There are 2 protein chains.
Amino acid sequence: MTKEEKIELIIRRGVQIFNEDSLREKLNSGKKLIIKFGADPSRPDLHLGHTVALRLLKDLQDLGHEIVFVIGDFTAMIGDPSGRSKTRPALTFDETRKNGETYFKQVAKILDPKKIRITYNSEWLAKMTFEDVVKLTGKYTVARILERDDFANRFKNNVPIGIHEFLYPLMQGYDSVALNADVEIGGTDQTFNLLVGRELQKDYGQESQDVMVLPLLVGLDGKEKMSKSLGNYIGIDEPANVMYEKAMKIPDSILFEYFKLTTDLDLSEVEKWIKEDIILAHKKYAEEIIKMYHGEEFIKEAEERYKTVATGGIPENIEEVCIEEKEFLDGMPYPDLLTKSGIVPSKSEARRMIEQNGISINGKKENDINKKFEISDFKDGFLVIQKGKKQFKRIIIKGN
Amino acid sequence: MTKEEKIELIIRRGVQIFNEDSLREKLNSGKKLIIKFGADPSRPDLHLGHTVALRLLKDLQDLGHEIVFVIGDFTAMIGDPSGRSKTRPALTFDETRKNGETYFKQVAKILDPKKIRITYNSEWLAKMTFEDVVKLTGKYTVARILERDDFANRFKNNVPIGIHEFLYPLMQGYDSVALNADVEIGGTDQTFNLLVGRELQKDYGQESQDVMVLPLLVGLDGKEKMSKSLGNYIGIDEPANVMYEKAMKIPDSILFEYFKLTTDLDLSEVEKWIKEDIILAHKKYAEEIIKMYHGEEFIKEAEERYKTVATGGIPENIEEVCIEEKEFLDGMPYPDLLTKSGIVPSKSEARRMIEQNGISINGKKENDINKKFEISDFKDGFLVIQKGKKQFKRIIIKGN
């Protein structure tokens, strides 16, 4: 493939491009471009949704361009001063750096980590004074920022918007100024913020970056954007067997999108699989992502485990948790056992699961919330707790 | 008069008070209160409109409270970064200090300058970082700031509002936090900003200041708030004769307000004057303000000059301007003569005034724009230029 052909394939991946001619010209110019990509340090676990952009960045990296990750640690450190947003907790400096490391360990599965430039936007934003902020905010009007979909909706529905929230898009836009970015990549939900960068650069006397807006990967629920907080994700660091199970659950109607946006497989081949045998197509997808993020050697085991679970048995290779014998002296309340096993995060969640008939003990549903466990319940020294269809823990009694 | 009676008279002067009970309690507590008053350093010329608040501050000063003038030099130095507002030009640090001095020279005509505390809000605002700004802006919502009348109207009518403009009320409010103000005084047009201070103090863990909103003095046009930019003002530093003339032009219908808001005269007496002889009432007012801001000894001359001008004659005591003889060698163009005399600021204004028949030479209208002046036009070595009814300059030829 020629360089020009590669560039055309890259450009085709944008849902929207501002502006396509200029982007094509820049990519063909032979100049080493500064490609900006914003990373959120408060959620360091990458999932397949993130890989849509990362894989594009990899191709741009292969063409010789400089990929700059901007970690929004400044906003992350500030958090939400109004205390309204639960999705934006304040992080400490150390947390942002630790999350940054976790993030890049995962990014290294896709891009060449030696050729990545990592920046934290506190490097320039923390230095700005009130005067600088007034100058920055003077570049933008209230009406235009209220055009952003989420602001427009909240304003219309009288849901409070803190004035500080108007500052975030401007910070993000200013990052482009600080980097003198040539191109920025982001998802469709970031379109507004990406364009703010274009305009601020012009206001600060720079050439505007070109913006490539990429499609969002729909999550396993078939509705919302893939996101960790919605639980509809496949993480690229998740164990192979979890990946396999989740891949089998991708709604049929969007499986093609998954192939298209997250793999390099031949799409005409993919169409054939989906048409002829949708189960096979799911398996092919599961195998491909395990190969990409773990290695071919992990496929077999994941597949076998999946078969066992799918047929309702208790798989052999499940996690073991030790509890000391003396803790059972007076009998252990059922919710306490569940919490200690780690299969639920809290006793209230334990109670909820028991009452909803979601827990089995040794393969048998057990919904007596007042049950207390004794040593005698542990035949052969262990019992198996099952939550839902696919989560298992083997509890082992540990004597002194 | 007892202290309690004085306090009641003070409280009665507020158009609105937030909150009256708390203010009364504070004033009666015997505690030395911090009374905040915001001053705009971009317009250092004080007029009677300003004295409504200054006279109240004087009474509070006499009760032993600390009057703190906050000069908004921080915003004045920044100006309007969007370049949209012509009324808010950026000032240099030196200009804000120079304006501050001019301002306080005038304030000293009303308050005891030794007991005034002067602060510049750059002292605290210039030190704030982007993080501090985010925290400050997080205390306020977009919807609430859009409740401010001028913002609401502009937003409704699609007149752009820069995001930085949302920051100004918050800065002004933060000034109250920085000073830990007990009471703030301001005009009705400042109500919104005064209340922001109340709320921010609460957010920053302070007791809220009480706010006294004072009536605005209507200008000489009888419509708009008195303001220098509208030209409908009587400056407290203007010459006595100008004060006299302007006082005579106050619309009859608002003369009582002028007495009430800007003098200490007995209002039942004033009512009688206005009812019996409105011209006399105007004269009494003119005399009173000359007495207040210049001294009783300036009344007579101002009154006589007013009579001369009112009857159309050329007053005796007018300003003289010298022009050198040699400048008339080739004849001096009419607009050049006017500009040199200083009676108009520019040649284009000179031409406009001549064409509109607004200039007299030696008491005779002269509207030939192409006329050139020769030495022979100067009988007895001078001529008198008159602009409109009341402005005169005597031009004297100076030989070598």
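Before any of the text, the structure's been laid out above.
Residues numbered from 1 in each chain as written. Chains lettered and ligands numbered in written order. Predicted model: local features only at pLDDT ≥ 70, side-chain atom pairs only at ≥ 80, totals over all residues. Heavy atoms only, no water.

Overview of the overall build of chain A
- Along the backbone of chain A there are 18 helices and 13 strands.
- Based on the C-alpha atoms only, the size of chain A along its principal axes is roughly 75 × 50 × 40 Å.
- Relative to its full complement of 400 residues, chain A shows a buried share of 48%.
- For chain A, contacts bridging at least 24 residues in sequence account for 68% of all contacts bridging at least 6.
- Each charge class in chain A can be summarised by its mean position, and for the 61 positive and 67 negative side chains these summaries are 2 Å apart. (Helix = DSSP H or I, 4+ residues; strand = E, 2+ residues; numbered from the N terminus. Buried < 20%, exposed > 50% of the residue type's maximum accessible area, 1.4 Å probe, protein only. Contact = heavy atoms within 4.5 Å. Lys, Arg positive; Asp, Glu negative; His and termini not counted. Charge placed at Lys NZ, Arg CZ, Asp CG, Glu CD.)

A look at the interface of chain A and chain B
- Across the contact, 34 residues belong to chain A and 34 residues belong to chain B.
- Counting each side, the surface lost to burial between chain A and chain B is near 2,800 Å², with a carbon and sulfur contribution of 81%.
- On the chain A side of the interface with chain B, the three residues burying the most area are A:F130, A:V142 and A:I163, jointly 28% of the side's total.
- There are zero salt bridges connecting chain A and chain B.
- For the pair chain A and chain B, the interface holds eight residue pairs in polar contact (both at pLDDT 80 or more).
- Listed by contribution, the elements that provide at least two residues to the side of chain A that touches chain B are helix 4 (73-78), helix 7 (130-137), helix 8 (142-145) and helix 10 (167-179) of chain A. (Buried area = accessible area lost by both parts, 1.4 Å probe. Salt bridge = Lys/Arg side-chain N within 4 Å of Asp/Glu carboxyl O. Polar contact = N/O pair within 3.5 Å; in protein donor to acceptor, adjacent residues only side chain to side chain.)

With respect to unusual backbone geometry
- Omega for the peptide link from A:F18 to A:N19 comes to 0°, which places this bond in the cis form.
- In the Ramachandran plot, B:N158 falls in the positive-phi region, its phi being about 60° despite a non-glycine side chain.
- Structurally, B:N158 can be placed in the loop between helix 9 (149-156) and helix 10 (163-179).
- According to the relative accessible area criterion, B:N158 is exposed, its value standing at 69%.
- Phi at B:N180 takes a positive value of approximately 50°, unusual for a residue other than glycine.
- By the secondary structure assignment, B:N180 is in the loop between helix 10 and strand 5 (183-187).
- Of the residues examined, B:N180 reaches a relative accessible area of 40% and is grouped as partly exposed.

Some words on the relation of the copies chain A and chain B
- For these two chains of identical sequence, chain A goes onto chain B by a turn of 179° and a shift of 0.1 Å along the axis, with RMSD 0.5 Å. Such a combination of turn and shift is consistent with a two-fold rotation axis. Using C-alpha coordinates, one finds that chain A approaches the rotation axis most closely at A:T129, a distance of 2.1 Å. (Least-squares fit on C-alpha atoms with pLDDT ≥ 70 in both.)

A look at the pairing of strand 2 (residues 34-39) of chain B
All names here are of chain B.
- Across the six residues of strand 2, five count as buried, placing the element largely inside the fold.
- With six bridges joining them, strand 2 and strand 3 (residues 66-71) adopt parallel strand pairing. Bridging from a neighbouring strand, G38 pairs with V70 of strand 3.
- Regarding topology, helix 3 (residues 48-62) serves as the crossover connection from strand 2 to the parallel strand 3, and that connection is right-handed.
- Taken together, the three bridges between strand 2 and strand 5 define a ladder with parallel strand orientation. Along strand 5, the bridge assignment pairs F37 with I185. (Pairing = 2+ DSSP bridges. Right-handed = clockwise from strand over helix to strand, strands pointing away.)

Notes on the packing of helix 7 of chain A against helix 10 of chain B
- Look at helix 7 of chain A against helix 10 of chain B: their axes get within 7 Å of each other, and the N-to-C directions meet at 140°. Contact residues: A:F130, A:V133, A:V134 and A:T137 in helix 7 of chain A; B:I163, B:H164, B:L167, B:Y168 and B:M171 in helix 10 of chain B.
- Taken together, the residues of the contact of helix 7 of chain A with helix 10 of chain B sort by class into seven nonpolar, two polar and no charged. (Axes fitted to C-alpha atoms, helices over the stretch in contact; angles between N-to-C directions. Nonpolar A, V, L, I, M, F, W, Y, C, P; charged D, E, K, R; others polar.)

Things to note about helix 15 (residues 278-293) of chain B
Residues and elements named next belong to chain B.
- Here helix 15 contains 16 residues, and its C-alpha end-to-end distance of 23 Å stays within 8% of the 22 Å for a straight helix at 1.5 Å per residue.
- Residues of helix 15 that are buried: A281, H282, Y285, A286, E288, I289, I290 and Y293.
- Once helix 15 ends, the next one or two residues include G295, with phi positive near 130°. (Expected span 1.5 Å × (residues − 1).)

Let's talk about the sheet that holds strand 4 (residues 116-120) of chain B
Residue and element names in this part refer to chain B.
- On the basis of which strands lie adjacent, the open sheet formed by six strands has the order 1-6-5-2-3-4 and mixed pairing. Where the open sheet ends on each side, the last strands, each with one partner, are strand 1 (16-18) and strand 4. Sheet twist, expressed as the average angle between the axes of neighbouring strands with direction ignored, equals 25°.
- Here five bridges tie strand 3 to strand 4, and the two strands are oriented parallel to one another. Among the inter-strand pairings, V70 is bridged to a residue of strand 4, identified as T119.

As for the sheet that holds strand 6 (residues 210-214) of chain A
All names here are of chain A.
- The six strands lie next to each other as 1-6-5-2-3-4, forming an open sheet whose pairing is mixed. The open sheet is flanked by strand 1 (16-18) and strand 4 (116-120), the only strands paired with a single partner. Averaged over all pairs of adjacent strands, the angle between strand axes in this sheet comes to 25°, irrespective of strand direction.
- By the bridge criterion, three bridges tie strand 1 to strand 6 in an arrangement that is antiparallel. Pairing of Q16 across the sheet is with V213, part of strand 6.

Focus: the pattern of salt bridges
Residues and elements named next belong to chain A.
- One pass over the structure, following the stated rule, counts 61 salt bridges over all chains.
- Of the charged contacts, one joins K26 and D210 as a salt bridge, the two residues approaching to 2.9 Å between their closest N and O atoms. Here K26 is found in helix 2 (residues 20-28), whereas its partner D210 is found in strand 6, with 184 residues between them in sequence. The exposure classification of K26 matches that of D210, with both residues buried.

Digging into the side chain of A:Q61
- Within the secondary structure layout, A:Q61 lies in helix 3 (residues 48-62).
- For A:Q61, a relative accessible area of 3% corresponds to the buried category.

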